[in-house]
Amino acid sequence: MKKIGLLFVTLLFISQVLAQTSVFNDLLQKHVTKQGIVDYDKFNGQKLRKYTIYLENTKPKKTWSVNKQKAFWMNAYNAYTITLILHAKYSKNLKNSIMNIKRKGKSAWKIPYAKIGGKTYTLDYIEHQILRKKLFDPRIHVGVNCASASCPKLSNIAFTENNVDKELERLMKEFVNNSSKNKIYNKNVQISSIFDWFQDDFTKNGSLIAYLNTYSKIKISPKAKISYLKYDWTLNGK
């Protein structure tokens, strides 16, 4: 009987996770284009709040698979980033860039407001201490979204344990080959500053050029000249 009870609780928890992720997925489907442009003005704040309440009451477990943890934390990061943007738009503190958001002198990434499993986190902590440090994967940089024009696009599909690997692979390939984000030629590349800021993440198993060649449609010479594009922090909205 105990085993049956445990199985029931486990299945109930899984169904709740899928249901709440579905809420976030529906919001992304309705308000984010395939190109990653977000219609913040029409974003349903009440439904988003329903999802963040789920995050508040869900404590991630170490027994979860790595993919499940990645999906959970990247969805949380993106949901709370959107929440921050919506609040800033309402209070008129946004001014078309996340860089203008300040609370008590702290930037958007250092404001402790992301409530998850009974704890409060900053976006920086989620990205750097959890995703990059504990769940390392260079593709995380296309999974989390900084709500800006130069960011890898915000996917209009929520991450799940089953789709996260495929989605990150798709997003990285699209990002590398997006000529508005990276200008790639055989003998020189002008690439996103993300590859500069987080170069150590992309070069753990080889050179930066080797990493780019994993995804680039254009074969880049190992001796290609590398430069970095100026980052555009304009809001990724309509």
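Quick caveat: nothing in here was measured; it's all calculated off a predicted structure.

1. So, the pairing of strand E6 (residues 188–191)
One face of the sheet, then the other: side chains in a regular strand alternate in exactly this way. The alternating pattern of E6 places Val 189 and Ile 191 on a buried face, while none of Asn 188 and Gln 190, on the opposite face, is buried. The pairing of strand E5 (residues 183–184) with E6 spans 2 bridges and is antiparallel. The partner of Lys 183 across the bridge, within E6, is Gln 190. Here E5 folds back onto E6 in antiparallel fashion, the turn holding 3 residues. In this sheet, strand E7 (residues 225–228) lies alongside E6 in parallel orientation, the contact comprising 4 bridges. Residue pairing in the sheet places Ile 191 in a bridge with Tyr 228 of E7.

2. Observations concerning the pattern of salt bridges
Considering all chains together, one arrives at 12 salt bridges under this definition. The residue Lys 70 makes a salt bridge to Asp 137 at a minimum N-O spacing of 2.8 Å. One end of the pair, Lys 70, is in helix H3 (residues 66–91); the other, Asp 137, is in the loop between helix H4 (123–131) and helix H5 (140–143), and 67 residues separate them in sequence. Of the two residues, Lys 70 and Asp 137, both sit in the buried class. Each of Lys 70, Asp 137, Arg 139, Asp 165 and Glu 169 takes part in one network of salt bridges that share partners.

3. Remarks on H3
Over its 26 residues, H3 runs 37 Å from end to end, which matches the ideal 38 Å to within 8%, given 1.5 Å per residue. Most of H3 is tucked away: 20 of the 26 residues are buried.

4. Let's talk about helix H9 (residues 208–215)
Of all 8 residues in H9, 6 are buried, a share of seventy percent or more. Against the buried residues of H9 lie helix H6 (164–176), E6, helix H7 (194–197), helix H8 (199–202) and E7.

5. Some points on the packing of aromatic side chains
Overall, the coordinates contain 16 aromatic pairs when judged by the stated rule. Note on Phe 72 and Trp 73: the rings are 5.6 Å apart at their centroids and 90° apart in plane angle, and the pair reads as edge-to-face. The exposure classification of Phe 72 matches that of Trp 73, with both residues buried. Summarising the aromatic geometry, the rings of Tyr 211 and Tyr 215 are spaced 5.5 Å apart at their centres and angled 50° between planes, so their arrangement reads as tilted. Residue Tyr 211 and its partner Tyr 215 are both found in helix H9; the two are separated by 4 residues, about one turn of the helix. For the pair Tyr 211 and Tyr 215, a shared accessibility class is recorded, and that class is buried.

Cut-off values and rules
- Residues numbered from 1 in each chain as written.
- Predicted model: local features only at pLDDT ≥ 70, side-chain atom pairs only at ≥ 80, totals over all residues.
- Heavy atoms only, no water.
- Buried < 20%, exposed > 50% of the residue type's maximum accessible area, 1.4 Å probe, protein only.
- Helix = DSSP H or I, 4+ residues; strand = E, 2+ residues; numbered from the N terminus.
- Pairing = 2+ DSSP bridges.
- Salt bridge = Lys/Arg side-chain N within 4 Å of Asp/Glu carboxyl O.
- Expected span 1.5 Å × (residues − 1).
- Contact = heavy atoms within 4.5 Å.
- Phe/Tyr/Trp six-rings, centres within 6.5 Å; stacked < 30°, edge-to-face > 60°.

Function cannot be inferred from these measures alone, as they are strictly geometric.
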